[in-house]
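Commentary on secondary and tertiary structure
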Amino acid sequence: MIYLDNAATTKTSPAAQKAMLECMEQFWGNPSSLHTPGQKAAEALAQARETVAACIGATPREIYFTSGGSEADNQAIVSAALLGKRKGKTHLISTAIEHHAVLHTLARLEKDGFDVTLLPVDESGIVKVDDVAAAIREDTALVSVMFANNEIGSIQPIEEIGALCHEKHVLFHTDAVQAAGHLPIDVEKQHIDMLSLSGHKFHGPRGTGLLYVRRGVPLLPLIEGGAQERGKRAGTENLPAIAGMAVALKDACDHMQEDTQRQLALRERLIAGLSKIPHSALNGDPVRRLPGNVSFCFEGIEGESMLLLLDDKGIAASSGSACTSGSLDPSHVLLAIGRPHEVAHGSLRLTLGAETTQDEIDYTIQSVAEVVERLRAMSPVWDELQKGVRSYVIQ
Ligand SMILES: *Cc1c(COP(=O)(O)O)cnc(C)c1O
């Protein structure tokens, strides 16, 4: 199988698997216990915390391990909102293209009386720093803008937004789940107060992630109980997964430059190949995009049927976000960049990984072209477009 759905999840690397096994065999104690097995586990936990902190320019005390990106997003936003409210600040700013872990959290807070501003993005899927500046008010408690988008790969001007928020004394959170291990992250240089990442998006295990919170920034727990994670996240730590994530993140950061160069070349080859299909369009920015992300819309077809036919050809792809698959609503991200409903339905996302080869890319270009042609031949919409009854949206 050719796996081109690395934005949904990545294969756990052998190094991460090894670290996990080692942890289960040697560090099975409870890190909160005072006896030797417990203290050995506590040391392994401290080691993992140091490793991940170094990868993003943070200190170990600023790292809170969570069950993944979704939990980290939820905690960052809910905590900032509730703490803001105590000071009379009930306004939250984010963007229209966030992951549902952010959007649904904001929607729930809105029902509870918070005022939410979702900023638009331009046609390449990038938020304007000026729009963020204009949206900030006296009562703004938080700005949350994702580092890079999971569907169309667009990279946001995080450093500029961070600088702006610090100048205006507004808390800044970024969902860096797609960026971590793929783009350089430095929480100091980029003025980030809170950052979410997830282990399984960079060849680490699922069910683990972290929230970085700048020292001095207060944080409320989502989960109450024991004193783990300095009282900010109760529950016995998932040490094997945490250790696997730390190894995977360090590997990804150590090899970022060469991996990026390799993926960029493959990405450009794939984009050039798919662009030859008539009435197709690349979604997102051609340059400011994740090195492994390719997203296209093809006029006159359904994304879901494309996925099934590609699967038959041995290619694992996605029509957008794994979280919206199975729902008939078109992607909120594609609608936000101005794709009309009928075009947004014909989307295809191919996300490369550490193991993707040029042969796989060439086979994929050929397969997608065949599948698009086959589906168009059966599509009543395509027939109308051909006859001129309907006009093309993508020229
Ligand atoms: C995958 C993803 C998440 C969710 O992370 P989980 O660890 O699966 O909960 C959040 N945000 C973005 C941008 C993602 O791609």
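Conventions we followed
- Residues numbered from 1 in each chain as written.
- Predicted model: local features only at pLDDT ≥ 70, side-chain atom pairs only at ≥ 80, totals over all residues.
- Heavy atoms only, no water.
- Domains from an automatic or database assignment.
- Contact = heavy atoms within 4.5 Å.
- Buried area = accessible area lost by both parts, 1.4 Å probe.
- Salt bridge = Lys/Arg side-chain N within 4 Å of Asp/Glu carboxyl O.
- Polar contact = N/O pair within 3.5 Å; in protein donor to acceptor, adjacent residues only side chain to side chain.
- Helix = DSSP H or I, 4+ residues; strand = E, 2+ residues; numbered from the N terminus.
- Expected span 1.5 Å × (residues − 1).
- Buried < 20%, exposed > 50% of the residue type's maximum accessible area, 1.4 Å probe, protein only.
- Arc of directions from axis to C-beta.
- Axes fitted to C-alpha atoms, helices over the stretch in contact; angles between N-to-C directions.
- Parallel < 35°, antiparallel > 145°, perpendicular 65-115°, else oblique.
- Left-handed = near helix turned anticlockwise from the far one by under 90°.
- Nonpolar A, V, L, I, M, F, W, Y, C, P; charged D, E, K, R; others polar.
- Phe/Tyr/Trp six-rings, centres within 6.5 Å; stacked < 30°, edge-to-face > 60°.
- Near = heavy atom within 4 Å.
- Areas by Shrake-Rupley, 256 points an atom, 1.4 Å probe, with all protein chains shown as cover.
- Pairing = 2+ DSSP bridges.
- Right-handed = clockwise from strand over helix to strand, strands pointing away.

**Examining the domain arrangement of the protein**
- Here the protein is partitioned into domain 1 (14-254) and domain 2 (256-387).
- Taken over C-alpha atoms, the centre of domain 1 sits 29 Å from the centre of domain 2.
- Across the boundary between the two partners, domain 1 contributes 30 residues, which contact 24 residues of domain 2.
- A combined buried area of about 2,100 Å² lies between domain 1 and domain 2, and 60% of that area is made up of carbon and sulfur atoms.
- Taken as a group, His100, Glu151 and Ile152 account for 31% of the area that domain 1 buries against domain 2, more than any other trio of residues on that side.
- There are 0 salt bridges connecting domain 1 and domain 2.
- Our count for the domain 1 to domain 2 interface comes out at 10 residue pairs in polar contact (both at pLDDT 80 or more).

**Considering helix α1 (residues 14-26)**
- Between the first and last C-alpha of α1 there are 18 Å, a value that for 13 residues agrees with the 18 Å anticipated at 1.5 Å per step.
- The set of residues buried in α1 consists of Ala16, Ala19, Met20 and Cys23. Seen end-on, α1 carries its buried residues on one side only, within an arc spanning 100°. Seen from the open side of α1, the exposed residues pointing more than 90 degrees away from its buried face are Pro14, Lys18 and Glu25.
- Structurally, α1 contributes buried residues whose contacts are with α7 (239-254).

**Considerations on the packing of helix α9 (residues 303-312) against helix α12 (residues 358-377)**
- α12 packs onto α9 with a crossing angle of 130° between their chain directions and a minimal axis gap of 10 Å. The orientation of α9 with respect to α12, classified from their angle, is oblique. Where α9 crosses over α12, the two elements pack in a sense that is right-handed. Facing α9, whose interface residues are Ser305, Met306, Leu309 and Leu310, α12 presents Ser367, Val368, Val371, Val372, Arg374 and Leu375.
- Tallied by class, residues from the contact of α9 with α12 come to 7 nonpolar, 2 polar and 1 charged.

**Focus on the packing of aromatic side chains**
- Taken as a whole and assessed by the stated rule, the structure comprises 2 aromatic pairs.
- A ring pair is formed by phenylalanine 296 and phenylalanine 298, whose centres lie 5.8 Å apart and whose planes are at 10°; its orientation type is stacked.
- Plain terms: the ring middles of tryptophan 382 and tyrosine 392 are 5.8 Å apart, the flat faces sit at 65° to each other, and that makes the pair edge-to-face. Of this pair, tryptophan 382 sits in helix α13 (residues 380-387) while tyrosine 392 sits in the segment after α13, placing them 10 residues apart in sequence.

**Here we look at the pattern of salt bridges**
- Enumeration over the complete set of coordinates arrives at 19 salt bridges.
- Of the charged contacts in the structure, one is a salt bridge between aspartate 139 and arginine 137, with a shortest N-O distance of 2.9 Å.
- Residue classification places arginine 137 among the partly exposed residues on the basis of a relative accessible area of 35%.
- The salt bridge partner of aspartate 193 is arginine 214, with a shortest N-O separation of 3.2 Å. One end of the pair, aspartate 193, is in the loop between β6 (171-175) and β7 (194-198); the other, arginine 214, is in the loop between β8 (209-213) and α7, and 21 residues separate them in sequence.
- Through salt bridges with shared partners, one network takes in Glu62, Glu188, Asp193, Arg214 and Arg215.

**Quick word on the site of the ligand**
- Taken together, 13 residues form the shell around the ligand, and within it Ser70, Asp175, Gln178, Ser198 and Lys201 come nearest.
- At 2.7 Å from an oxygen atom of the ligand is found a side-chain nitrogen or oxygen belonging to glutamine 178.
- A distance of 2.6 Å separates an oxygen atom of the ligand from a polar side-chain atom of serine 198.
- Within the complex, the protein chains bury 87% of what would otherwise be the 380 Å² of accessible surface of the ligand.
- A per-element tally of the shell around the ligand places helix α3 (residues 69-86) first, with 3 residues.

**Looking at the pairing of strand β3 (residues 91-95)**
- Burial within β3 is extensive, with 5 of its 5 residues counted as buried.
- Across the two faces of β3 the burial is the same, with His91, Ile93 and Thr95 and Leu92 and Ser94 all buried.
- Bridge count between β3 and strand β4 (residues 115-119): 5 bridges; the pairing is parallel. Note that in β4 the partner of leucine 92 across the bridge is valine 116.
- Crossover connection from β3 via helix α4 (residues 100-111) to parallel β4: handedness right-handed.
- In this structure, β3 lies alongside strand β5 (residues 140-144), joined through 3 bridges in parallel fashion. By the bridge assignment, histidine 91 is partnered in β5 with threonine 140.

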